[in-house]
Amino acid sequence: QVQLVESGGGLVQAGGSLRLSCSASGRTFSTGGMAWFRQAPGKEREFVSAISWSTGRSDYADSVKGRFTISRDIAKNTVFLQMNSLKSEDTAVYYCARALSYYSGYRYVNGFDYWGQGTQVTVSS
């Protein structure tokens, strides 16, 4: 079992920044990759960003490329999402997820086996 706990969400004005964190515990030694997804009301969960746990290679959705940065701290089993230049359309619940097996470019929900409880990000315009 792997437990994921997100933190760092909140209310921010458009143009502002937030940094999300996701701490993993349990059987984390076999992690292939970690990702962030988000889900806005009435919409499907969508891919935001992912990172290979071994190489650190990152992947971003076009909608966040250049504004968001994913990173990891292997020693602390934590993944981060630095979000800059936030827009109202970034408003959503953000979830972190773990993939046992991951390759860069994989963006599908069903490839990730453990999920956090989500953290709300609200961007006011």
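The structure we're discussing is the one just above.
Nothing here was measured: the structure is a model prediction, and the numbers come from that model.

Draft legend 1. Just the state of the cysteines, in detail. Overall, the coordinates contain one disulfide when judged by the stated rule. Here Cys22 connects covalently by a disulfide to Cys96, the sulfurs 1.9 Å from one another. Looking along the S-S bond of the Cys22-Cys96 disulfide, the torsion reads about 45°, which is the right-handed sense. Of this pair, Cys22 sits in strand β3 (residues 18–26) while Cys96 sits in strand β9 (residues 92–99), and the two are 74 residues apart along the sequence. Considered together, Cys22 and Cys96 belong to a single accessibility category, that of buried residues.

Draft legend 2. The packing of aromatic side chains, seen in detail. For the structure on display, the rule yields eight aromatic pairs. Taking 6.3 Å as the distance between ring centres and 45° as the angle between the ring planes, the aromatic pair formed by Tyr106 and Phe112 counts as tilted. Across the pair, exposure class does not vary: Tyr106 and Phe112 are buried alike. Chaining the aromatic ring pairs together yields one cluster made of Phe37, Phe47, Tyr102, Tyr103, Tyr106, Tyr108, Phe112 and Trp115. Here Arg19 stacks its cationic end above the ring of Phe80, 4.0 Å away from the centre of that ring. The ring of Tyr95 carries Arg45 above its face, with NZ or CZ at 3.7 Å from the centroid.

Draft legend 3. Highlighting the sheet that holds strand β1 (residues 2–7). Taken together, four strands build an open sheet; the order of strands is β1-β3-β8-β7 and the sheet is antiparallel. Unpaired on one side and paired on the other, β1 and β7 (68–73) mark the two borders of the sheet. The mean angle between the axes of side-by-side strands here comes to 15°, regardless of whether they run parallel or antiparallel. Examined bridge by bridge, β3 and strand β8 (residues 78–83) share six bridges and lie antiparallel to one another. Bridged to Cys22 within β8 is Val79.

Cut-offs used in this document
- Residues numbered from 1 in each chain as written.
- Predicted model: local features only at pLDDT ≥ 70, side-chain atom pairs only at ≥ 80, totals over all residues.
- Heavy atoms only, no water.
- Disulfide = S-S within 2.5 Å.
- Helix = DSSP H or I, 4+ residues; strand = E, 2+ residues; numbered from the N terminus.
- Buried < 20%, exposed > 50% of the residue type's maximum accessible area, 1.4 Å probe, protein only.
- Phe/Tyr/Trp six-rings, centres within 6.5 Å; stacked < 30°, edge-to-face > 60°.
- Lys NZ or Arg CZ within 6 Å of the ring centre and 35° of its normal.
- Pairing = 2+ DSSP bridges.
- Axes fitted to C-alpha atoms, helices over the stretch in contact; angles between N-to-C directions.

Read these as layout, nothing more, since geometry by itself doesn't imply function.
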